[in-house]
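Descriptive analysis of the structure
One letter stands for each residue in the lines below.
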2 protein chains.
Amino acid sequence: MEPVLIFDTTLRDGAQGENISFSPEDKIKVAQRLDDMGIHYIEGGWPGSNPAADRFFELARSTEFVTARITAFGSTRRQGIPAEEDANLKALVACGSPAITIFGKTWDLHVVDIMGNTLSENLAMIEESVAFLKGHGREVLYDAEHFFDGYRANPEYAVKTLSAALSGGADIIVLCDTNGGTLPHEVTEILETVKAALDAETGRDIRMGIHAHNDCSVAVANSIAAVQAGAIMVQGTINGYGERCGNTDLTSVIPILNLKLKRPCVSAENLKKLKPLSRFVSETSNMIPLASRPFVGKSAFAHKGGVHVSAVMKEPLSYEHIDPEDVGNRRRVLVSDQAGRSNIEYKAKEMGIDLDAPEFDSKRIVNEIKMLEQEGYQYEVADGSFKVLMDKFLLQYEPVFDLESFRVTIEKDKDRPCTSHAIVKVNVGGVSEITAAEGHGPVSALDNALRKALSRFYKELETMHLVDFKVRVMDGRGGTEAKVRVLIESRDGDDIWSTIGVSEDIIEASFEALADSFQYKLAKKK
Amino acid sequence: MEPVLIFDTTLRDGAQGENISFSPEDKIKVAQRLDDMGIHYIEGGWPGSNPAADRFFELARSTEFVTARITAFGSTRRQGIPAEEDANLKALVACGSPAITIFGKTWDLHVVDIMGNTLSENLAMIEESVAFLKGHGREVLYDAEHFFDGYRANPEYAVKTLSAALSGGADIIVLCDTNGGTLPHEVTEILETVKAALDAETGRDIRMGIHAHNDCSVAVANSIAAVQAGAIMVQGTINGYGERCGNTDLTSVIPILNLKLKRPCVSAENLKKLKPLSRFVSETSNMIPLASRPFVGKSAFAHKGGVHVSAVMKEPLSYEHIDPEDVGNRRRVLVSDQAGRSNIEYKAKEMGIDLDAPEFDSKRIVNEIKMLEQEGYQYEVADGSFKVLMDKFLLQYEPVFDLESFRVTIEKDKDRPCTSHAIVKVNVGGVSEITAAEGHGPVSALDNALRKALSRFYKELETMHLVDFKVRVMDGRGGTEAKVRVLIESRDGDDIWSTIGVSEDIIEASFEALADSFQYKLAKKK
């Protein structure tokens, strides 16, 4: 069976997503990672639509790709002009990509009511545009926009548009569910019927692809259904980025094809690069990684309940549908309020700590952690604080600093902005340091002052920064007297850690989390 | 055809999700919203597993539900003891829920290797546990854990476990894809085969349900496939919350059943409550709403400028698979938001304010509110602040007090508790008052000082108190400099109102919300 071809459009359709944008340089970096993963086609953008797109193809021409073919995206020629005079089509040829994807209209509603075109001119636009690009020796993929809606409205005409693309010489016919409203059983039925019709008409085995959107939460299922119905290409994006609800998430499609359907599309070696690739794309597009994302998310192989954990340790299959390592992910055991002793021991082992070692009183540790969780600490989401806590149980633990005191003042005068100042006094190895700083709010002021004080002793703090800050009021029914839990995520290069603080005083809770974060960072190098 | 029953497990399986936790009072609020939406079953928790679960069922007994049946969750009896002596089963009966869901083992791997049990004792555990609960007159749902994995490993035994549940008297048999590794075509094939076998064996039309997890991004597709194969119940959670990659997202399943498969499970009226419900659950669990979530997400019907927008204006069908209003969502045009006005007019009308009344400049009001919402204010969850804002637009508006200034200090010394003090200076009708107060944390100190200052002028403040306090960091990526949104819920007898504050400074944001709350309370009597 022909291997399934993966067509990535993260850089084109994915960039349509709200809040997502890539610079041409970002795009090249992403394209190189996709190529390194063994992706077959990389759609870079729409030449002529904006300078950034043109710049990408310029950079791409001087970049070497091992497996991937760079493809440009564009539309069929405009109404009533010859293909060779159409600026869009000329730009597609000029960009120099070995493959080109053009989309055309399938749905008579769009052709007539929206475009004010005739059904026959639309067919001519499709055939002539494909022929023009084939004439320039490119591989041409035809994206049939709104195919499924168009087919439901007028099946004969919908198929005619595909025949037109084939007469023009299209290499692959891609059925697009542009509005994302189609369900898997419809994809199966329609794709099988259409492929049979085209195969009969041409006497060939027509190569078909699927382009799905996730408006019904079934984009991945639709893509899998299409492959099972005979498609040999799946178009999608990394992390499912894309407009509205996003495109087909390739970080799910690829492992499903490789591991479940035994239709390998990348090598087992490359499959291990899936999670790093997902993380790289979310960082590059400045999106917060979705913890619950299948296969690649931080929580995808996280276990909470004590029962689950002991079972997973006996037999991973019992609660894991695949081996996390196969996709470059890893098992995580969440130390939570329902955690049995086994969770805590496993979590400690992950950090290279053997609770049965002589210097530990593991029973006491487990009990203390449970007590802390009663108070509202949640170590399942605070690996950094868990590490610091474990270190404290070790006999040779030494803090990298001691807090002597802090003062925070927030001042507000009518019609003037609110201001915050912090004074922090710390002691490092017997030496005291007192500093003050301002900030955007009290926590920011405290962060700045503590950092300033410590950086006198520790230069390495410059490379570390806070990336996320969460506040949870626990059982707010005490009104403003409620206990507050603060979670801080810090980053240093590739290393990311979370720390936690709990107090009735939000500033004290924040300081606790900040202190743990600095402690974790500074203890690392020892 | 029997209507599909929706079984919500947000409060049980959903609460297994990383970072998700509900107080018993939160759970009741969520249950009431689910009931109002017309959900058929609400699983509240596992009685006896922790005090919070028991407290929920205690509260549920004294709460009236219109359509929903509250169900308790638990396991089959322990090995080697009679059902009537099993503490878990007794707790299930004691909690008083009209329906009970118990899960049992399907997979011989779990029965033998993990539990160290025998295949025959496992069958006895299932049958006797179901029979015991039926003996107490409850509706009993049987969750067949790991059914699909178990069936692949040993189909005969897997079916035997279901027969055991049926012999015990189970009302509905639910097939669980516990590890989330199953694909839609497998669900179709296995569910059809198994149902046919059970129907033949019993001579009845066995009522079956599906419980899917999203580890392959196909939980919704699996649930739809199950319904098409004859299941009459879908178990899932609001927003797909749940451990690892989450459970089946009911906010997709419900509209797909109603609008696409013409198998209505809730009324068209209730379907319009879907987006507000999704938002309520994310606020209550303090999860940031996923903008790209199908049907209910902020981006689900968002259109970027250009071709799409003009097409959508001509004919919504052209780029929208359903009418957003059907699920209580709305179209958003990202370049310039057209939809805001009707929304705001709707909200105002709710409060008995007619924006077209002469004293209003409704165009200006709409624009100002849109600007405020850009900054992070969310009036749909802050009716109190919305009322105060509306009053401000009224010509005869007069503030019940003016803030002159405040000062808040937080002091922490090594080995001493953290202390907070606040000084507040207000002006009421030309008279200034300055007071100081302590508190549990800076917000509490501010609350106490403001209350003390105002109570010199307004006695009625004594009857009012704050009942809830929520903090949400918006776009935490700025670390501790991120903007913060504070929501405060206040109560005075039966009247409950929410107020909001937004600032980079959490203390300023809190003061804003506090001030609105006092303003709302004191303006009421006028």
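This one's a predicted model, so the numbers in the text were calculated from it and none came from an experiment.

1. Some points on the overall build of chain A
Helix and strand counts for chain A come out as 18 helices and 16 strands. Burial status across chain A gives 63% buried among its 526 residues. Intrachain contacts of chain A at a sequence separation of at least 6 include 66% that bridge at least 24 residues. Charge separation in chain A, taken as the distance between the mean sites of 60 positive and 79 negative side-chain charges, equals 4 Å.

2. Side note on the pairing of strand β11 (residues 402–413) of chain B
Successive residues of a regular strand alternate their side chains across the two faces of the sheet. Strand direction decides the pairing type here: strand β11 (residues 402–413) of chain A and β11 of chain B, joined by nine bridges, are antiparallel. The residue bridging Ile410 of chain A from the neighbouring strand is Val408 of chain B, located in β11 of chain B. Bridge analysis of β11 of chain B against strand β12 (residues 419–428) of chain B gives nine bridges, and the strand direction is antiparallel. In the strand pairing of β12 of chain B, Phe406 of chain B is matched with Val424 of chain B. As consecutive antiparallel partners, β11 of chain B and β12 of chain B are separated by five residues, and within that stretch Asp415 of chain B has a phi angle of approximately 65°, a positive value.

3. Section: the environment of Asn427 of chain B
Residue and element names in this part refer to chain B. Within the element layout of this structure, Asn427 appears in strand β12. Classification of Asn427 by relative accessible area gives buried; the value is 16%. As for Asn427 and Asn222, which are separated by 205 residues in sequence, their C-alpha atoms are 63 Å apart. Within polar-contact distance, the side chain of Asn427 engages the backbone nitrogen of Gly430 at 2.9 Å.

4. Focus on unusual backbone geometry
Residues and elements named next belong to chain A. Of note, His146 is a non-glycine position whose phi angle comes to about 50°, a positive value. One can find His146 in the loop between β5 (139–145) and α6 (147–153). Notably, Lys262 is not glycine yet its phi reads approximately 50°, a positive angle. On the accessibility criterion, Lys262 (60% relative accessible area) is exposed.

5. So, the interface of chain B and chain A
Taken together, the 106 residues of chain B in the interface contact 104 residues of chain A. Taking both partners together, chain B and chain A bury about 8700 Å²; carbon and sulfur atoms supply 54% of that area. Seen at the junction of chain B and chain A, the total is eight salt bridges. Here Arg332 of chain A and Glu18 of chain B are joined by a salt bridge, their closest N and O atoms 2.7 Å apart. Our count for the contact surface shared by chain B and chain A stands at 35 residue pairs in polar contact (both at pLDDT 80 or more). In the side of chain B that touches chain A, the residues fall into 38 nonpolar, 35 polar and 33 charged.

6. Describing the sheet that holds strand β12 (residues 419–428) of chain A
In space, the six strands of this open sheet follow the order β13(A)-β12(A)-β11(A)-β11(B)-β12(B)-β13(B), with antiparallel pairing throughout. In this open sheet, the two strands that pair with only one neighbour each are β13 (431–439) of chain A together with β13 (431–439) of chain B. Strand-to-strand, the axes of this sheet are offset by a mean angle of 10°, without reference to chain direction. Of the strand pairs in this sheet, β12 of chain B and β13 of chain B are connected by nine bridges, and their pairing is antiparallel. Directly across from Lys425 of chain B, in β13 of chain B, lies its bridge partner Ile434 of chain B. Each of β11, β12 and β13 of chain A touches helix α17 (residues 442–455) of chain A; the most contacted strand, β13 of chain A, lies at about 145° to it. This element, helix α18 (residues 506–524) of chain A, spans β11 of chain A together with β11 of chain B of the sheet and lies at about 135° to β11 of chain A.

7. Considerations on the domain arrangement of chain A
Residue and element names in this part refer to chain A. Considered domain by domain, chain A is made up of domain 1 (5–284), domain 2 (302–370), domain 3 (376–395 + 461–526) and domain 4 (401–457). Relative placement of domain 1 and domain 2: their C-alpha centres are 43 Å apart. With eight residues of domain 1 at the interface, the matching set in domain 2 holds seven residues. In total, about 590 Å² of surface goes out of reach between domain 1 and domain 2, with carbon and sulfur atoms giving 59% of it. Counting across the domain 1 and domain 2 interface gives three residue pairs in polar contact (both at pLDDT 80 or more). Among the secondary structure elements, those contributing two or more residues to the side of domain 1 that touches domain 2 are α10 (250–260) and α12 (274–284).

8. A closer look at the pattern of salt bridges
What the rule picks out here adds up to 55 salt bridges over all chains. Note that Glu43 of chain A and Arg12 of chain A form a salt bridge whose closest N and O atoms lie 2.9 Å from each other. Linking Glu43 of chain A in strand β2 (residues 41–45) with Arg12 of chain A in the loop between β1 (5–8) and α1 (24–37), this pair joins segments that are 31 residues apart in sequence. A single burial state applies to Glu43 of chain A and to Arg12 of chain A, both of which are buried. Of the charged contacts, one joins Arg244 of chain B and Asp215 of chain B as a salt bridge, the two residues approaching to 2.8 Å between their closest N and O atoms. Residue Arg244 of chain B is found in the loop between β8 (233–236) and α10 (250–260), and its partner Asp215 of chain B is found in the loop between β7 (208–212) and α9 (219–228); the two are separated by 29 residues along the sequence. A single burial state applies to Arg244 of chain B and to Asp215 of chain B, both of which are buried.

About the criteria used
- Residues numbered from 1 in each chain as written.
- Chains lettered and ligands numbered in written order.
- Predicted model: local features only at pLDDT ≥ 70, side-chain atom pairs only at ≥ 80, totals over all residues.
- Heavy atoms only, no water.
- Helix = DSSP H or I, 4+ residues; strand = E, 2+ residues; numbered from the N terminus.
- Buried < 20%, exposed > 50% of the residue type's maximum accessible area, 1.4 Å probe, protein only.
- Contact = heavy atoms within 4.5 Å.
- Lys, Arg positive; Asp, Glu negative; His and termini not counted.
- Charge placed at Lys NZ, Arg CZ, Asp CG, Glu CD.
- Pairing = 2+ DSSP bridges.
- Polar contact = N/O pair within 3.5 Å; in protein donor to acceptor, adjacent residues only side chain to side chain.
- Buried area = accessible area lost by both parts, 1.4 Å probe.
- Salt bridge = Lys/Arg side-chain N within 4 Å of Asp/Glu carboxyl O.
- Nonpolar A, V, L, I, M, F, W, Y, C, P; charged D, E, K, R; others polar.
- Axes fitted to C-alpha atoms, helices over the stretch in contact; angles between N-to-C directions.
- Domains from an automatic or database assignment.

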